[in-house]
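# Examining the three-dimensional arrangement
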Amino acid sequence: MKNQQGSTRLRNFTILLGGTCSVLAAIMISPALPGMAEAFAHVPNADFLVRMVLTMPALFVAVGALLVGALLDRWGRKPVILVSLQAYALAGCAGFFLDSLVAILISRAILGLAVAGIMSGFMTLMLDNFEGKALDRFLGLNGACICLGGIVGLIVAGYLADFGWRYPFLIHLFALLIIPGTLFAVQEPEHLDRPQAEVKAKVPWIRLLPVYATAFSCTALFFILPAQLPFYLMNNNDIGASQVGIALALPSIIGFIFALLYQPLRARCSVQAIAAIIFFAFAISLQVLSTSAAYMVVIAGVVIGGIGVGLLSPNNSGWLASLAPIQTRGRAVGVLTCSIFIGQFFAPILSQPFVASLGLAKTFSVVAIIAGLIGVLFAVLAVRQSMNTVPEHPTSETL
């Protein structure tokens, strides 16, 4: 009995560690972007390409997730995760050694494929092993761990970037620490042993479309900050990369708290109501940022945005879990992962024309209005749902 409990704890700890890999790949090199831009100033279009180094993994996560989802349902979670963790460590730290911006972009593309396997694999394991209130609680805990990983990683990356722009790439070696737990504690769910006809059950794509659209739009709105905020701060304040790292980490600090509050909040609110809170938090955050580039004003803005950061991941995952049958979750989660990271990839591309014509401050204001309007839409949907349905929740199992 003790051995089984210990194995379960190690499995849960491994899943939580695995979830942090996505945020490490997404924003860890953000404090190093200005230094990288200076190092590659001689390269044509270096300013844009350096920003693409940050978001390149997102495009390939999106592409890879569409393939990985099917592999998770067909081959199993464990093989996909183990291969992905090794690729993550190797491709992630490659930027420390490479001298070509093109080569770095290629390594970041490979990193994106690895993140697709890790994120989709561990997210699917969460949905496999928990349900009801226990799932909401674990999703909140997972969201808190992602935020904690972002806090520690960004602060460490900021200090490493003060020594040189290459050093934050070494943080990706963290993935090697997750391999032992995956080998010894992760088990495949029982449904993968069932007949292939059952495993090939149809995914309810139409019902899941609002989940995917929400994941894309939330991520596209939020990830304007990691790509643009370092330049916004350093062009208007006499600060170093470490202070930029602290500013970028602050949303994760607030997010950590709100992720832990997700389960009690979910017990009282629908996923649509929580989505409204997320969009309103992003809207207020961006509007505050638009008023001034002063360091303390920016700090206030990103702190408010942290509310949305903490609730975003557990709400998207919980919403999907309520709609996708277990036999289809690998594929369903794969498309969710794709939606999230395609939003990351397009964030600087969609915002760049506004930045070029309006400047960063006015761009933040425009995006704030868009986020606020989406928040109003979700608030209306939540009110309509509360008037037409009686809240209910599946029975839970303990963690």
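Computed from a predicted model, the values in this text were never measured in an experiment.

### Some remarks on the overall build of the chain
- When its secondary structure is counted, the chain shows 16 helices and zero strands.
- What you see for the chain is a C-alpha radius of gyration of 20 Å, in line with the 21 Å of a compact globule of 399 residues.
- If one aligns the C-alpha atoms of the chain with their principal axes, the spans along those axes are about 60 × 50 × 35 Å.
- Among the 399 residues that make up the chain, the fraction classed as buried is 58%.

### A word on the packing of helix α3 (residues 46–74) against helix α15 (residues 329–358)
- It is at 7 Å that the axes of α3 and α15 come closest, and there the two elements cross at 165°. It follows from the interaxial angle that α3 and α15 lie roughly antiparallel. As α3 runs across α15, the sense of the crossing is left-handed.
- When grouped by side-chain class, the residues that make up the contact of α3 with α15 number 15 nonpolar, seven polar and four charged.

### Quick notes on the side chain of Ser317
- Examined against the element boundaries, Ser317 turns out to sit in helix α14 (residues 295–321).
- Among the residues examined, Ser317 registers a relative accessible area of 3% and is labelled buried.
- Ignoring anything within four residues of it in the chain, the contact list for Ser317 reads Met123, Leu127, Leu139 and Leu336.

### A word on the nonpolar core
- Among the nonpolar cores identified, the biggest contains 129 residues, and Tyr88 and Leu320 are the most heavily contacted of them.
- Residue contacts for Tyr88: discarding those within four places in its chain leaves Cys21, Leu24, Ala25, Leu111, Ala114, Val115, Ile118, His172 and Ala175.

### Points about the side chain of Asn316
- Its place among the elements puts Asn316 in helix α14.
- Apart from residues lying up to four places away in sequence, Asn316 is in contact with Val211, Thr214, Ala215 and Leu336.

### A word on the environment of Met28
- Relative to the helices and strands, Met28 is located in the loop between α1 (2–27) and α2 (33–39).
- Met28 sits 129 residues away from Ala157 along the chain, and the two C-alpha atoms are 6.0 Å apart.
- In contact with Met28, not counting residues within four places along its chain, are Val23, Gly150, Gly153, Leu154, Ala157, Pro168 and Ile171.

### Observations regarding the pattern of salt bridges
- The full count for this structure, using the stated rule, is two salt bridges.
- For Arg77, the salt bridge identified is with Asp128, shortest N-O distance 2.8 Å. Of this pair, Arg77 sits in helix α4 (residues 77–93) while Asp128 sits in helix α5 (residues 101–129), and the two are 51 residues apart along the sequence.
- Judged by its relative accessible area of 0%, Arg77 falls in the buried class.
- Residue Arg166 pairs with Asp99 through a salt bridge whose shortest N-O separation is 2.6 Å. A residue pair is termed long-range when its members are at least 10 positions apart, and Arg166 in the loop between α6 (132–163) and α7 (179–185) and Asp99 in the loop between α4 and α5 qualify at 67 residues.
- Classification of Asp99 as exposed rests on a relative accessible area of 62%.

### Points about the confidence of the model for the chain
- Residue-level pLDDT values for the chain average 84, and 92% of them are 70 or greater.
- Within the chain, helix α13 (residues 271–291) carries the highest mean pLDDT (94), whereas helix α8 (residues 196–199) carries the lowest (46).
- A low-confidence stretch, residues 193–199 stays under pLDDT 50, and its non-local contacts, those more than four residues away or across chains, total eight contacts.
- Every residue in residues 394–399 is under pLDDT 50, and counting partners more than four places away or in other chains gives 17 contacts.

### Focus on the packing of aromatic side chains
- What the rule picks out here adds up to ten aromatic pairs.
- Plain terms: the ring middles of Phe96 and Tyr167 are 5.4 Å apart, the flat faces sit at 70° to each other, and that makes the pair edge-to-face. With a gap of 71 residues between them, Phe96 in the loop between α4 and α5 and Tyr167 in the loop between α6 and α7 connect regions that are remote in the sequence.
- Here Phe96 falls in the partly exposed class, since its relative accessible area comes to 23%.

Thresholds applied
- Residues numbered from 1 in each chain as written.
- Predicted model: local features only at pLDDT ≥ 70, side-chain atom pairs only at ≥ 80, totals over all residues.
- Heavy atoms only, no water.
- Helix = DSSP H or I, 4+ residues; strand = E, 2+ residues; numbered from the N terminus.
- Rg over C-alpha atoms; globule rule 2.2 N^0.38 Å.
- Buried < 20%, exposed > 50% of the residue type's maximum accessible area, 1.4 Å probe, protein only.
- Axes fitted to C-alpha atoms, helices over the stretch in contact; angles between N-to-C directions.
- Parallel < 35°, antiparallel > 145°, perpendicular 65-115°, else oblique.
- Left-handed = near helix turned anticlockwise from the far one by under 90°.
- Nonpolar A, V, L, I, M, F, W, Y, C, P; charged D, E, K, R; others polar.
- Contact = heavy atoms within 4.5 Å.
- Core = buried A, V, L, I, M, F, W, Y, C linked by side-chain atoms within 4.5 Å.
- Salt bridge = Lys/Arg side-chain N within 4 Å of Asp/Glu carboxyl O.
- pLDDT = per-residue confidence, 0-100.
- Phe/Tyr/Trp six-rings, centres within 6.5 Å; stacked < 30°, edge-to-face > 60°.

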